[in-house]
Amino acid sequence: MAAGSAGSCELRFDSGRVCLDLVATGGHPTEQLSGPRRLREWLVGAKLVPGDAVLDAVDDEWVSRFAEARAYVAELVHAQLQGRPAPRALDHINNFAATPPPGVRAVRTPDGAWVRALSDTPQCTPLLATVARDTVDLLTDPAARALLRQCEGDNCARLYLDTSRGRRRRWCSSEVCGNRERVARHRRRAIAAARA
C-alpha cells in the first residue's frame, strides 16, 4: 500500500525509515498489525520482502515478535528525542540486530527487468534483524538522528525524518495531520468570527 489517505487503518510508509514505519503501526489510533494478514501486508509494503514472496509461515507469533520489536524501537527513538537513555530497549534491539538479515539476490524477470529476491523463504528472526539494523543505522548516524521528529498534530504520535527544505516540517503528513490542523484552525477562526 502506498502512503495513505486519512484512513486510520491504512498502512503508511512515509516516515523515512523502515524502523519508524514499524513504530507507526502501533495502536494509534488503532493497532495496524492486528493479525498475520496485516503483518504480511506490512512486510511487503515496507519492502522487507518482495511482493511475490511466500509468507505462509507468518502467524500470531510473528505478529507478537514484531510488536515487541516495535515497542523497543519506539522506546529508543522517544528516548533519543527526549535526551534520555533506554538501556533495556537498546539491549533488545542490539540482540535482534546480531542475527544476519535475510539473504538477497538479483534476479531477471521474463521481461528482462532486474528485481530483488530473497535467497530463501522469509523467516521471522532475520526480518526482525533488518528492522533492528535500520534502527541501529538511524541512531548511530548523527545526520539522520538530527532529522528525527515527532508529529505535532493533535492526537498523533508518529515519528518521521524531516527531510524538508529548511527542516521546518511539523507533521508526519501534510495531507493527513497537516490538513487536520488547517481544518481545525479554520474552524477556530470561524467560531471566533461568529462570536465577534
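Reading guide: rules and limits
- Residues numbered from 1 in each chain as written.
- Predicted model: local features only at pLDDT ≥ 70, side-chain atom pairs only at ≥ 80, totals over all residues.
- Heavy atoms only, no water.
- Core = buried A, V, L, I, M, F, W, Y, C linked by side-chain atoms within 4.5 Å.
- Buried < 20%, exposed > 50% of the residue type's maximum accessible area, 1.4 Å probe, protein only.
- Helix = DSSP H or I, 4+ residues; strand = E, 2+ residues; numbered from the N terminus.
- Contact = heavy atoms within 4.5 Å.
- Salt bridge = Lys/Arg side-chain N within 4 Å of Asp/Glu carboxyl O.
- Axes fitted to C-alpha atoms, helices over the stretch in contact; angles between N-to-C directions.
- Parallel < 35°, antiparallel > 145°, perpendicular 65-115°, else oblique.
- Left-handed = near helix turned anticlockwise from the far one by under 90°.
- Nonpolar A, V, L, I, M, F, W, Y, C, P; charged D, E, K, R; others polar.
- 1 Å grid on protein atoms, 1.4 Å probe; cavity = no way out; pocket = protein on both sides within 12 Å on 5 of 7 lines; lining within 4 Å.
- Points joined across faces, edges and corners; volume = space filled by probe spheres on them.
- Pairing = 2+ DSSP bridges.
- Lys, Arg positive; Asp, Glu negative; His and termini not counted.

Undergrad: Go over the nonpolar core, please, and point to the residues and values.
TA: Among the nonpolar cores identified, the biggest contains 43 residues, and Leu-39, Trp-42, Leu-43 and Phe-66 are the most heavily contacted of them. Broken down by element, this core gets its largest block of residues, 10 residues, from helix α3 (residues 60–82). Among all residues touching Trp-42, those that are not within four sequence positions of it are Leu-11, Phe-13, Val-18, Asp-21, Leu-22, Thr-25, Leu-33, Leu-48, Phe-66 and Val-131. Grouped together as the second largest cluster of nonpolar side chains are 5 residues, Cys-156, Tyr-160, Cys-172 and Cys-177 included.

Undergrad: Describe the pattern of salt bridges, and please don't skip the residues or the numbers.
TA: For the coordinates displayed, the defined rule picks out 6 salt bridges. Between Arg-12 and Asp-14 there is a salt bridge whose closest N-O contact spans 3.1 Å. Bridged by salt links that share partners, the residues Arg-37, Arg-38 and Glu-41 form one connected network.

Undergrad: Give me the lowdown on the packing of helix α2 (residues 36–45) against α3, citing residues and values where you can.
TA: In helix packing, the relevant descriptors are the interaxial angle and the interaxial distance, both defined with respect to the helix axes. Where α2 meets α3, the axes come as close as 9 Å, and the angle between the chain directions of the two elements is 60°. The orientation of α2 with respect to α3, classified from their angle, is oblique. For the crossing formed where α2 meets α3, the hand is left-handed. Along its contact with α2, which presents Pro-36, Leu-39, Trp-42 and Leu-43, the element α3 presents Asp-60, Trp-62, Val-63 and Phe-66. Split into classes, the residues belonging to the contact of α2 with α3 amount to 7 nonpolar, no polar and 1 charged.

Undergrad: Kindly report on the layout of surface pockets, identifying the contributing residues and their values.
TA: Quantified by volume, the second largest pocket comes out at close to 240 Å³. Together, 13 residues line the second largest pocket, and Pro-50, Asp-52, Arg-116, Ala-117 and Leu-118 are the ones closest to its centre. The dominant element in the lining of the second largest pocket, judged by the number of residues it contributes, is strand β2 (residues 114–118), at 4 residues. Split into classes, the residues belonging to the lining of the second largest pocket amount to 8 nonpolar, 1 polar and 4 charged.

Undergrad: Quick rundown of the pairing of β2? Include the residues and the values.
TA: Pairing of strand β1 (residues 104–108) with β2 involves 5 bridges; the strand directions are antiparallel. Its bridge partner lying in β2, Val-107 is registered against Val-115.

Undergrad: Could you give an account of the environment of Leu-148, naming the residues involved and the relevant values?
TA: Assignment of secondary structure puts Leu-148 in strand β3 (residues 148–150). Excluding its chain neighbours within four sequence positions, the residues that come into contact with Leu-148 are Leu-20, Val-77, Gln-80, Leu-81, Leu-138, Tyr-160 and Leu-161.

Undergrad: Now, about the packing of α3 against helix α4 (residues 87–97): what can you tell me, with residues and values included?
TA: Viewed as axis vectors pointing N to C, α3 and α4 meet at an angle of 130°, and their least axial separation amounts to 9 Å. Between α3 and α4, the interaxial angle falls into the category oblique. In this structure, the crossing between α3 and α4 has a hand that is left-handed. Every residue of α4 that contacts α3 at Arg-65, Glu-68, Ala-69, Tyr-72, Val-73, Glu-75 and Leu-76 is listed here: Arg-88, Ala-89, Leu-90, His-92, Ile-93 and Phe-96. Residue composition of the contact of α3 with α4, grouped by class: 8 nonpolar, 1 polar and 4 charged.

Undergrad: Provide a residue-level description of the environment of Val-136, including the pertinent values.
TA: Tracing the chain through its elements places Val-136 in helix α5 (residues 124–140). For Val-136, a relative accessible area of 25% gives the class partly exposed. With 39 residues separating them in the primary sequence, Val-136 and Ala-97 have C-alpha atoms 7.8 Å apart. Look past the residues within four positions of Val-136 in its chain and what remains in contact with it is Ile-93, Asn-94 and Ala-97.

Undergrad: Residues and numbers for the side chain of Thr-135, please.
TA: Mapped onto the elements of the fold, Thr-135 is located in helix α5. Ignoring sequence-local partners within four residues, the contact set of Thr-135 consists of Cys-19, Val-73, Leu-76 and Ile-93.

Undergrad: With reference to specific residues and values, describe the side chain of Arg-158.
TA: Structurally, the position occupied by Arg-158 is in the loop between β3 and β4 (159–161). One buried charged side chain, Arg-158, makes no salt bridge at all; its nearest oppositely charged neighbour is Asp-14, positioned 4.6 Å away. Apart from the residues lying within four places of it in its own chain, the contact partners of Arg-158 are Arg-12, Ala-24, Gln-32, Arg-149, Gln-150, Cys-151 and Cys-172.

The values are spatial; any link to function lies outside them.
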